[in-house]
Amino acid sequence: MPHLPHLPRLSGGPLRPRPAARRGGRAALSALAVLGLAATAACGSGGAGTGAAPEESARPGAEVADALVATYDGGLYVLDGTTLEVVEDIPLEGFNRVNPAGDDRHVLVSTSSGFRVLDAAGARLTDDEFPAPEPGHVVHHAGRTALFSDGTGEVTVFDPADLGEGLPEADTHTTEHPHHGVALVLENGEMVVTLGDEEERPGIQVLDAEGVETARSEECPGVHGEATARGEAVVIGCEDGVLVYSGGDITKVDSPDDYGRIGNQAGHEDSPYVLGDYKTDPDAELERPERVSVIDTESGELELVDLGTSYSFRSLGRGPEGEGLVLGTDGALHVIDMAAGEVTASHPVVGEWSEPLEWQDPRPTLYVRGGTAYVTEPGEKKVYAVDIATGEVTTEAELPEASNELTGLPAA
């Protein structure tokens, strides 16, 4: 787990905003150890919104049930998670992105100037913002949230439970060079963070809770995206496979093709498998792949699954039992048995669609919460709730404008 203004174009997905005041890498990570911090996110590149916000939206005493948040050109919709109706329309200029903050109330909105805090349960955009030039990935893991600023290479880590009354205390680590990166903190305080600069992104390093490097791999060209599987196995995408960090060791899992790019992944904490995209044409203006990758983090094997339809970086998800979910351009939600590496069901949801050339442009998007898959259809200005077990569309609603990104709060 990407779009912001004047950001560099990167193949395979979305973008980011800017971080808070620095406090130094090693010292900051030492503080992480004291606090028992652990963190984990999303991805892309392009332009963020101006962040120019009108007056704060205010709904005194209002609470939105299982809130969802959708972006549109010029603002945010807060939706009731049961009816899918718009509870609040919050104007916000520019190209904005949304990610879960990691608690049961807030969503982070990536604008041109940083990660702004949206009280989704209260349907209110606050003035609180983590400053971050070119805000990028937001990763929540093990009770901590890590923000990556592509513009500075700074990682900001905080406890999302402390959101709500101003910005929480945060610890920071600054990478050697700014780059389009990602970071997450594990239960034991270790930080997995990407390596790179404006020219290349070759791999990852692992820092202990004191900020000391304990492992490194530069065998991951074009490093992009992350996911966590059972046992805190961390998967990082490369242009020729993935890196798996588990039990203190980094393992390279090669793609079956010389160029087999995996840049967007979806994990499940109870499954050893990670679902990834899979692209094989390094020269394509926009490749529309029809295969996805399944990475077994325990055996180190990588298998490709043919969907028979293409998809986009906003198409991947995981069901409640760890099943893989892919929203295809054929309009169906495809369910994958990850252990068997095969599609077991395909449920029609929206009409056929084609991925636009510009990654910032709207396209049908998948967001999964519990046993429900939420799917948007921008061309029809609609959003649907789908029962993953049966494929039945249980609820649908029409939005005032075409939506783009979609996220939400954990189910109550």
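Reading the values: rules and limits
- Residues numbered from 1 in each chain as written.
- Predicted model: local features only at pLDDT ≥ 70, side-chain atom pairs only at ≥ 80, totals over all residues.
- Heavy atoms only, no water.
- Helix = DSSP H or I, 4+ residues; strand = E, 2+ residues; numbered from the N terminus.
- Areas by Shrake-Rupley, 256 points an atom, 1.4 Å probe, with all protein chains shown as cover.
- Core = buried A, V, L, I, M, F, W, Y, C linked by side-chain atoms within 4.5 Å.
- Buried < 20%, exposed > 50% of the residue type's maximum accessible area, 1.4 Å probe, protein only.
- Contact = heavy atoms within 4.5 Å.
- Polar contact = N/O pair within 3.5 Å; in protein donor to acceptor, adjacent residues only side chain to side chain.
- Pairing = 2+ DSSP bridges.
- Axes fitted to C-alpha atoms, helices over the stretch in contact; angles between N-to-C directions.
- Disulfide = S-S within 2.5 Å.
- Phe/Tyr/Trp six-rings, centres within 6.5 Å; stacked < 30°, edge-to-face > 60°.
- pLDDT = per-residue confidence, 0-100.

## Side note on the overall build of the protein chain
Now for step 1: Scanning the protein chain from terminus to terminus reveals one helix and 32 strands.
Now for step 2: For the protein chain, the accessible area works out to roughly 15,300 Å², and carbon and sulfur atoms hold 43% of it.

## Looking at the nonpolar core
Now for step 1: Core analysis: the biggest nonpolar cluster contains 16 residues, and Leu76, Val107, Val109, Leu118 and Ala120 have the highest contact counts within it.
Now for step 2: Elements with a minimum of two residues in this core: strand E2 (75-79) and strand E5 (106-110).
Now for step 3: Residue contacts for Val107: discarding those within four places in its chain leaves Val69, Val98, Asn99, Ala101, Arg116, Val117, Leu118, Ala120, Thr407 and Leu409.
Now for step 4: One finds Leu186, Cys220, Ile236 and Tyr245 within the second-largest nonpolar core, a separate group that totals 15 residues.

## Observations concerning the environment of Ser271
Now for step 1: Looking at the secondary structure, you find Ser271 in the loop between strand E20 (265-266) and strand E21 (273-276).
Now for step 2: For Ser271, a relative accessible area of 7% gives the class buried.
Now for step 3: In the structure, Ser271 is positioned 26 residues away from Thr297 in sequence and 9.2 Å away in space, judged by C-alpha atoms.
Now for step 4: Those residues in contact with Ser271 that sit more than four places away from it in its chain are Ala229, Arg230 and Arg318.
Now for step 5: Engagement of the side chain of Ser271 in a polar contact is seen with the backbone nitrogen of Tyr273, the distance being 3.0 Å.

## Describing the side chain of Thr376
Now for step 1: Secondary-structure assignment places Thr376 in strand E29 (residues 372-377).
Now for step 2: A distance of 3.0 Å separates the side chain of Thr376 from the backbone nitrogen of Thr365, its partner in a polar contact.
Now for step 3: If near-sequence neighbours (up to four positions away) are discounted, Thr376 is found in contact with Val350, Arg363, Pro364, Thr365, Lys382, Val383, Ser403 and Leu406.

## Let's talk about the sheet that holds strand E31 (residues 393-398)
Now for step 1: Pairing within the open sheet is antiparallel, and its four strands lie in the order E28-E29-E30-E31. Each edge of the open sheet carries a strand with a single partner, namely strand E28 (366-369) and E31. Across this sheet, the average inter-strand angle for adjacent strands is 20 degrees, counted without regard to direction.
Now for step 2: Strand direction decides the pairing type here: strand E30 (residues 382-387) and E31, joined by five bridges, are antiparallel. Bridging from a neighbouring strand, Val386 pairs with Val393 of E31.

## Quick word on the state of the cysteines
Now for step 1: Across all of its chains, the model carries one disulfide by this definition.
Now for step 2: Shown here is the disulfide that connects Cys220 with Cys238, its sulfur atoms set 2.0 Å apart. Between Cys220 and Cys238 the sulfur-sulfur dihedral comes to about -105 degrees; the bridge is accordingly left-handed. Taken together, the positions of Cys220 in the loop between strand E15 (213-217) and strand E16 (224-229) and Cys238 in strand E17 (residues 233-238) put the pair 18 residues apart, joining distant regions of the chain.

## Points about the pairing of strand E14 (residues 203-207)
Now for step 1: Within E14, five of the five residues are buried, leaving the element largely enclosed by the surrounding structure.
Now for step 2: Here E14 shows no split at all, with Gly203, Gln205 and Leu207 on one side and Ile204 and Val206 on the other all buried.
Now for step 3: With five bridges joining them, strand E13 (residues 191-195) and E14 adopt antiparallel strand pairing. Of the residues in E14, the one forming a bridge with Val192 is Val206.
Now for step 4: As paired elements, E14 and E15 share four bridges and run antiparallel to each other. Across the sheet, Gln205 pairs through a bridge with Arg216, a residue of E15.
Now for step 5: Hairpin geometry of E14 and E15 is characterised by an intervening segment of five residues between the two adjacent antiparallel strands and by a positive phi of about 85 degrees at Gly211.

## Thoughts on the packing of aromatic side chains
Now for step 1: Per the stated rule, a full pass over the model turns up five aromatic pairs.
Now for step 2: With a centroid separation of 4.2 Å and 20 degrees between ring planes, the pair formed by Tyr72 and Tyr77 is classed as stacked.

## Some remarks on the sheet that holds strand E1 (residues 68-72)
Now for step 1: Spatial ordering of the open sheet is given by E3-E2-E1-E32, a layout of four strands whose pairing is antiparallel. Among the strands making up the open sheet, the edge pair consists of strand E3 (86-91) and strand E32 (403-408). Strand after strand, the sheet turns through a mean of 20 degrees between neighbouring axes, direction not considered.

## Focus: the pairing of strand E26 (residues 332-337)
Now for step 1: Burial analysis of E26 places five of its six residues in the buried class, which makes it a mostly covered element.
Now for step 2: Relative to E26, strand E25 (residues 324-327) is paired through four bridges, and the arrangement is antiparallel. Its bridge partner being in E26, Leu325 is matched across the sheet by Val335.
Now for step 3: The pairing of E26 with strand E27 (residues 342-348) spans six bridges and is classified as antiparallel. Its bridge partner being in E27, Leu333 is matched across the sheet by His347.
Now for step 4: Between E26 and the antiparallel strand that follows it, E27, lie four residues; Gly341 among them carries a positive phi value of about 65 degrees.

## What to know about the confidence of the model for the protein chain
The predicted coordinates of low-pLDDT regions are not to be read in fine detail.
Now for step 1: Within the protein chain, residue pLDDT values average 88, and 85% of them lie at 70 or more.
Now for step 2: In this model, residues 44-60 is a region of pLDDT below 50 whose contacts with residues beyond four sequence positions or in other chains number 81 contacts.

## Comments concerning unusual backbone geometry
Now for step 1: One non-glycine residue with positive phi stands out, namely Asp66, at about 45 degrees.
Now for step 2: Within the secondary structure, Asp66 is located in the loop between helix H1 (25-35) and E1.
Now for step 3: On the basis of relative accessible area, Asp66 is assigned to the partly exposed category, the value being 24%.
Now for step 4: With a phi angle near 55 degrees, Lys381 is a residue other than glycine that sits in the positive phi range.
Now for step 5: You can see Lys381 is positioned in the loop between E29 and E30.

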